[in-house]
Amino acid sequence: MLTPTRELYWNIPGHLLVYAAFLVAVIVFAYGIYRRVRLWRLGQPDARFDQIGKRLLVMIRDGLAQAAVLREKVHGMAHMAIYSGMIILTIGTFLVLLQADFNIQILFGQFYLWYSLVLDLFGLIFLLGIVFAIIRRYIIRPKRLNIIADDVVILPLLLLITITGFLLEGARMAATSPEWATWSPVGNWIAGMINTSKAEGLHRAMWWVHMILSMIGIAYVPYSKLFHTLMMPANMYFKSLKPRGQLTTMDLENSETFGVTDIHEFTWKQLFDLDSCIQCGRCQDQCPAFNTDKPLSPKKLILDLQAQMEKRGPDLLKTKKSGEEVIPEPIIGDAVTEDEMWACTTCMACQEHCPASIEHVQKIVDLRRSQVLMDSKFPQELNLAFKGLETNSNPWNMGAASRADWTEGIEVKTLADNPEPDYLWFVGCAGAFDDTAKATSKALAKILNAANVNYAILGADEQCCGDPARRSGNEYVFQMLAEANVEMFKETGAKKIITACPHCFNVIKSEYPQFDGEFEVIHHSQLIAELIESGKLKLPSGKLGKAAYHDSCYLGRYHDIYNAPREILKTMTDGNLTELQHHHDKSFCCGGGGARMFMEEHIGTRINHSRIQEAADAKVETLGVACPFCLVMLKDAVKEKELEGIAVREIAEIVADQL
Amino acid sequence: MSAILVITEYKNGEIRKPSLEVLGEARRAANGSGAKVVALVIGSGIDGSGLGAYGADVVLTADHDALASYNPDFYKTVAVQAVKSQNADVELMAATDMGKDLASRIAAKLDAGLASDCLSLEIGDALTAKRPMYAGKAIATVAVKSAIKIATLRPNMFAVEGPDESKSAAVEALELPELTSKQTVKEVRSSSDAKMDLTEADVIVTGGRGMKDPANFVMLEELADLLGGVSGATRAAVDAGWCPQSDQVGQTGKTVSPNLYFMIGASGSIQHWAGMSNAKCIVAVNKDTAAPIMEKADYSIVGDLFEVVPAMIEEIKKIRG
Amino acid sequence: MKVVVCVREVPDTETYIKIDASQKNIVDANVTFVMNPYDEYAVEEALKLQESAGAETVAVCPGSARADDVLRSAVAMGVQSVIRVNVAEPIWDGLTTAKLLAGTLKEMDFDLLILGKEAIDDGTQQLGPMLGELLDLPCISLVTKLDVADGSVTAERESGEGVEVIEASTPCIITAQKGLNEPRYPSLRGKMAAKKAIIEVKEASVGNVQLEVTGMEYPPARGKATVVGEGVEAVPELVRLLREEAKAI
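Residues numbered from 1 in each chain as written. Chains lettered and ligands numbered in written order. Predicted model: local features only at pLDDT ≥ 70, side-chain atom pairs only at ≥ 80, totals over all residues. Heavy atoms only, no water.

Q: Whenever I open this one, the overall build of chain A confuses me. Can you help?
A: Helix and strand counts for chain A stand at 26 helices and 7 strands. In terms of overall dimensions, chain A has a C-alpha envelope of 100 × 65 × 45 Å along the principal axes. Every one of the 659 residues in chain A was classed for burial, and the buried ones make up 58%. Contacts spanning at least 24 positions in sequence make up 79% of the contacts within chain A whose residues lie at least 6 apart. Accessible surface, chain A as shown: approximately 27500 Å² in total, 59% of it carbon and sulfur. Positive and negative charge centroids in chain A, built from 65 and 76 side chains respectively, lie 6 Å apart. (Helix = DSSP H or I, 4+ residues; strand = E, 2+ residues; numbered from the N terminus. Buried < 20%, exposed > 50% of the residue type's maximum accessible area, 1.4 Å probe, protein only. Contact = heavy atoms within 4.5 Å. Areas by Shrake-Rupley, 256 points an atom, 1.4 Å probe, with all protein chains shown as cover. Lys, Arg positive; Asp, Glu negative; His and termini not counted. Charge placed at Lys NZ, Arg CZ, Asp CG, Glu CD.)

As structure tokens, this is what we get:
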């Protein structure tokens, strides 16, 4: 038997032209990259070049392993087919290069047989993936995919490259009939259909077509969606390593402008994000605003900003070069509308599900910052919230001195009663002022007393954590509140802080470190779960009927706290818990995050209605929540939709009832 | 004290109730001292002779076409003339929008101390009054020591005297000075057919954030109509755009003192309380037992306002036959 | 055009009021002092004229150094310059306050003076009309709509009587009522400017005070609160109590 191998560039006179073609492709490719880099460099500095090891790990985990993409089973697999096919075929081509140009003889013998088989099979897998993608995009046409000019080119191009690849393989095999043909099953099958006399001619033709199409493909990468093959891993590499969802701190004292008015005021990384979007629409699928007919789609937002970057690019590059002053062209009112920007609940679903690690929320907050801090333009209802935060340290503008009034008539230890507590209990504005949420505070006091926890509250000295201010773009008020609270916490010597509000939890845990405040923060669901586990709280089982838990965005997606609240409910449901249609990392916001709690919801259907309908569909009797905003929003939804059969209850209240 | 001048206020030819209350208080103050009570009637073609039955010794009329509706310059000139002609050393008015405006101008003109919005009154060498401060969160006692003393009295706080038809007043016409004004009224969109001024209402039914939707206020209007009152609103309801700001009760709205005040779906924030704590009887309907109003209202029902209010309407209709 | 706004410093509407030992004043500690809410409408209206007609804007506030914060709020909103008329102790005699301010205002040669219809501390609605008399200028009170033309103003005055449309020539005085406009929230640039604002302080002598606060007390406590019951079942009992006990219906 002959040693299995093949003659490279068999039958192709003038094959050296491939190098010329490759050179052209590379030049076009490089120019494409240069054009984008120039645009990104219009952005502001952002330190994303540190921690190389960690960044590489993130890139491998999220990128190479396709973790985010595979969250969606079917088309995740289809993408995996294209992705793996592309990688294997690229490696195969690289091996050809090694042998042809570096004279490293590897493509012979046993290795060659496996090489043939693997490339042949992955070629097939790649082809199937492309065919699936074509069917989905052009025939099934799901809502989240829209067809742009690029799509008309790319999938057919890839399809043609694959088909010509197989045809030229088949033609070669038909002409040479190698003994080891069975190692290339697809090629062999095609060879069987080719007339041997015409095989050589067909091969030659196909080879040229295949080569030129491939070179076009390479050159086309930076100008098309194919760019994502480079952008996405790169964007993962540059992904924020800060606590999830942490918003940037602004230097208010030494800045002339605040937030993002014009496109170049984004950081280079934020502009880089825009080019990383592959338009898969996963963000839009998960977005509570989009799904309740608000004008916001995270995908559209990114694409509109990308278009804005391209539109503003030439002018900005010119002024950058000449050193002239930039005449700002505001994004809001042009590429993005006010309604889009204010519709966001900062629930993080878009970001969580983006396979390209695009950071949407910071962009929206940056736009809000410019609107609030520069132009004082925001939904009118926020006026009262901002004033309340400034004068009375709470967004409802209730008298600051009445913050501890909810404790009247019940036993709650204040720092004055108990100056050295193990836990400082940060009650939060909702827990202190909102009638519905006050019940949670009372229930938690009962639980803490029953379990003999050594705690104290700050009383009237507590101020809002600042979440509604920061998320609505009012960084000035946020910093005022954050600094005051950090100072207060330090004065008390507190190390551990408990809170029943996921918004306070997130801000204190993830954002107070920006103000030199490092504290251990514990959500009450974690503490209660721990008290149950350690036997300090005894709860009767089987007390709740059919129950489900509604994930709070700021607990779940922001902090991966999915189980503690579920464990608490399970102790009272004999271990059974129903899940709503959206749960865990795909949970659907109540509509109250991102300071939306303090704004009217005029557009589309109401987010809380949509969410409570899921509970109704699941025929849930008790819907447990672990956030005061969720509690208020979903209770309102029960009332408004007349679904009185569903009891929306805070987990602390459910537990306290059983004590 | 020689004479108390009461400047009365008319609406569509009828004297307004707060003016009768002021007249009653003037009568009571004058009774011990022998001072005369002069009622000044400013307007066009108004017959004020009936005021004798309500405590006036003299009715002084200022009758002129130009005085048909309130013009601060005309009214002020007339009032100053009346004070001088009657040698009045005390001048009283109702603390209505007109009363507050006019009294301030007269005080400045006569260099007189002015106590506004009084809840009670004592007139001796000084005029001593209790009046709300910080929108009723505190009650101040003020003493006016100037030669001419002026006070405006809060509606619904003083009793009307009479009518005692056996008493009549001498009617005199005031010699009118020349009337000039620095401002002209171009148009009046009278509220004669619109709802009653909240400050004068005996019954107010106020809705808050718990009303959820502007359409739901119809229910409150029905209850108010049934009891001869008007509907009001909290700041939250006004800020949400559900009600006009003229309906707002509270520290930055109207201060009211009706006989009966309903709080429907409103928690009773401190700034709201400031505007209505003088109500004689407060009824609250709220689903939340912890709402501040539940501790303060004379009567409260814990429950869903959308069930309770219609039931109240039915029950009141029933007992009224 | 020169527009002057007169602003005052008052306790925030949500503040608890405590009466001090003298029983003539409140305890200032723990009280948040803010710009009188009605004065915010006045400031906003002035700023609208600053923007639309290039008016010069000045804010004047009577008070002690503590009131500087209120003037800074005015600057934060956009007012160009600010003057504090130094008054050490609160004056509760409206006419005395009016005379005190009239002295300063007379020299300012303004076209328009705008102030809130009342300060929510004493709530008297006296200052505007009194200044009108003292300065011999037209004063339109309780204004909910204002149009300023060359040399004249047209204002809608909304009172318990309804709405009057009033015309007057400038200079004149306007008192602002809720509904006139929606006061702006200061931009951050404004807030930063406010920190650095220069406040001109003018001394003024307090004349003969004709009204004094001689005592202060809390409003009488209300009778006991009765929870009649829960839900619709409690309605007949409530109506009975209102008829027979409270005699309110």
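Q: Before we go on, may I ask you to explain the overall build of chain C in this structure?
A: Across its full length, chain C holds 6 helices and 13 strands. Considering only C-alpha atoms, chain C reaches an extent of 65 × 45 × 40 Å along its principal axes. In chain C, buried positions account for 60% of the 249 residues. The long-range fraction of contacts in chain C, counting pairs at least 24 apart against all pairs at least 6 apart in sequence, stands at 70%. The positive charge centre, built from 25 side chains, and the negative charge centre, built from 40, are 4 Å apart in chain C.

Q: Got a minute to help me understand the domain arrangement of chain A in this structure?
A: Residue and element names in this part refer to chain A. When cut into domains, chain A gives domain 1 (17-237), domain 2 (263-374) and domain 3 (383-658). Spacing between the C-alpha centres of domain 1 and domain 2 amounts to 31 Å. On the side of domain 2, 35 residues touch domain 1, which itself brings 31 residues to the contact. Carbon and sulfur atoms supply 55% of the area buried between domain 1 and domain 2, which totals about 3100 Å² over both sides. Looking at the side of domain 1 facing domain 2, the largest losses of area belong to Leu42, Arg144 and Asn235, adding up to 23% of the total buried there. The interface formed by domain 1 and domain 2 contains 6 salt bridges. (Domains from an automatic or database assignment. Buried area = accessible area lost by both parts, 1.4 Å probe. Salt bridge = Lys/Arg side-chain N within 4 Å of Asp/Glu carboxyl O.)

Q: Is there a simple way to think about the interface of chain B and chain C in this case?
A: Many descriptions give the size of an interface as the accessible area lost when the pieces come together. Chain B puts 88 residues into the contact, and the matching count from chain C is 83 residues. Each partner contributes to the roughly 7000 Å² buried at the junction of chain B and chain C, and carbon and sulfur atoms together form 53% of this total. Interface area lost by chain B to chain C is led by Tyr134, Lys182 and Tyr299 of chain B, which between them contribute 11%. Viewed at the interface, chain C and chain B are joined by 11 salt bridges. With a shortest N-O distance of 3.4 Å, Glu14 of chain C and Arg235 of chain B are connected by a salt bridge. Put simply, chain B and chain C have 36 residue pairs in polar contact (both at pLDDT 80 or more) between them. Here the side of chain B that touches chain C is built from residues that sort into 39 nonpolar, 21 polar and 28 charged. (Polar contact = N/O pair within 3.5 Å; in protein donor to acceptor, adjacent residues only side chain to side chain. Nonpolar A, V, L, I, M, F, W, Y, C, P; charged D, E, K, R; others polar.)

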